[in-house]
There are 2 protein chains.
Amino acid sequence: MIAIGEAKHILGTAGLKATQPRLAVFMELLRSENHPTADQVYENIRQNHPGIARGSVYRILDHLVEAGLAHQVASKQGNKRFDANLGQHNHIYCQKTHDIQDYFNEELNQLVLDFFTKKKIENFTIQEIKVQINGIKTNPLEKVKIV
Amino acid sequence: MIAIGEAKHILGTAGLKATQPRLAVFMELLRSENHPTADQVYENIRQNHPGIARGSVYRILDHLVEAGLAHQVASKQGNKRFDANLGQHNHIYCQKTHDIQDYFNEELNQLVLDFFTKKKIENFTIQEIKVQINGIKTNPLEKVKIV
DNA sequence: CTGCCTGCAAAGGGTTTGCACATTC
DNA sequence: GAATGTGCAAACCCTTTGCAGGCAG
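Residues numbered from 1 in each chain as written. Chains lettered and ligands numbered in written order. Predicted model: local features only at pLDDT ≥ 70, side-chain atom pairs only at ≥ 80, totals over all residues. Heavy atoms only, no water.

Trainee: An account of helix 4 (residues 54–66) of chain A is needed here, citing residue identities and associated values.
Mentor: All names here are of chain A. For helix 4, with 13 residues, the first-to-last C-alpha span of 19 Å sits near the 18 Å given by 1.5 Å per residue. For helix 4, the complete set of buried residues consists of V57, I60, L61 and L64. Down the axis of helix 4, the sector holding all buried residues measures 100°, keeping them to one side. For helix 4, the exposed residues lying more than 90 degrees away from the buried face are R59 and E66. Those residues of helix 4 that are buried are in contact with helix 1 (4–13), helix 2 (20–31), helix 3 (38–46) and strand 2 (81–83). Just downstream of helix 4 lies G68, where phi reads positive at about 85°. (Helix = DSSP H or I, 4+ residues; strand = E, 2+ residues; numbered from the N terminus. Expected span 1.5 Å × (residues − 1). Buried < 20%, exposed > 50% of the residue type's maximum accessible area, 1.4 Å probe, protein only. Arc of directions from axis to C-beta. Contact = heavy atoms within 4.5 Å.)

Trainee: Break down the protein's contact with DNA strand D for me, citing the residues and quoting the values.
Mentor: Surveying the vicinity of DNA strand D reveals 18 residues, the closest of which are Y58 of chain A together with T19, R22, S56 and R59 of chain B. Within the side chain of R22 of chain B, one N or O atom sits 2.9 Å away from a phosphate oxygen of DNA strand D. S56 of chain B places a polar side-chain atom, nitrogen or oxygen, 2.5 Å from a phosphate oxygen of DNA strand D. Among the elements of the structure, helix 4 of chain A together with helix 2 (20–31) and helix 4 (54–66) of chain B are those that each provide at least two residues to the surface near DNA strand D. (Near = heavy atom within 4 Å. Polar contact = N/O pair within 3.5 Å; in protein donor to acceptor, adjacent residues only side chain to side chain.)

Trainee: Outline the relation of the copies chain B and chain A, listing residues and values.
Mentor: Screw-axis analysis of chain B against chain A gives a translation of 0.0 Å along the axis, an RMSD of 0.1 Å, and a rotation angle of 179°. This pairing of chains is accounted for by a two-fold axis. Taken as a fraction of all interface residues of chain B, those also at the interface in chain A reach 100%, which identifies the copy contact as same-surface. (Least-squares fit on C-alpha atoms with pLDDT ≥ 70 in both.)

Trainee: Could you give me a rundown of helix 5 (residues 106–118) of chain A, with the residues and numbers involved?
Mentor: Residues and elements named next belong to chain A. Its 13 residues place the ends of helix 5 19 Å apart at the C-alpha level, agreeing with the 18 Å of an ideal helix rising 1.5 Å per residue. Taken together, the buried positions of helix 5 are L108, N109, V112, F115 and F116. Around the axis of helix 5, the buried residues are gathered within 130° of arc, so they sit on the same side. In helix 5, the exposed positions that point more than 90 degrees away from the buried face belong to E106 and K118.

Below you can see the structure in the form of structure tokens.
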């Protein structure tokens, strides 16, 4: 977890004013592990920050993405989902519950990276490669366990 | 490309009546290579099938997905995009134009598959593994070329 | 103090839905 | 003929936007 002072600093470095609403959204994104939609972020924040406006949350999330402090993650569901974990990682996606869980594995990253240093693609600059593992959780209520 | 009679048969096998609108949508999905949104499918069909209703296209696409005749593809953009190409393949995604192009490579499929037969994930049944190659097209107007 | 940011509320756009009619099997 | 599917249009989100006031730097 990250301290509030640190969060302020990060925002500042990115050229964004460290306002209350922005801090709240940013911290919430960092805290959350389920890659929430804008609306979910809003609902989660609401409890501790009643004054915040839904529209502001949408705007702030867009700003964070634009500033490179957050990413939008791909989903089949057809709504935008956000992620403040910027390190290279992959996603485990439950097609029933629509949960997205991070999957870290350096060996896998390297494997795929190696493949694409050999295999070239023309008219295209690769920025990131993500492995999406789609399937179904046996027990929908529990998290997926990496062995 | 697929013949209309064959398309009818496929729909029938899936338990769907082969109606005019459904055939039109299904054929269009099969024809298209850019993983269109529901709205794009509607616009494309409109020219040859003026009578069709926008709402029907949305409904039909959902039915096709439910019946397993089409897939929804993951996108960062935040809207549903469809694909009738059911074979294992990966996606090249242009973060600027939002184009999605298919990437077929048996070696890559095998590579990733092998990895996950060794590496187990608990509380999760893997159904498909997709490698998403995100980046930017050098020339946005041209397609990406696989070498 | 200046410019950026927010709350509010209205507008926007894509998607879903209820209903009466049409169509397939 | 029965069940399923469609067109139409209204309703329903989720998201974006304009504006006047607020706040950080």
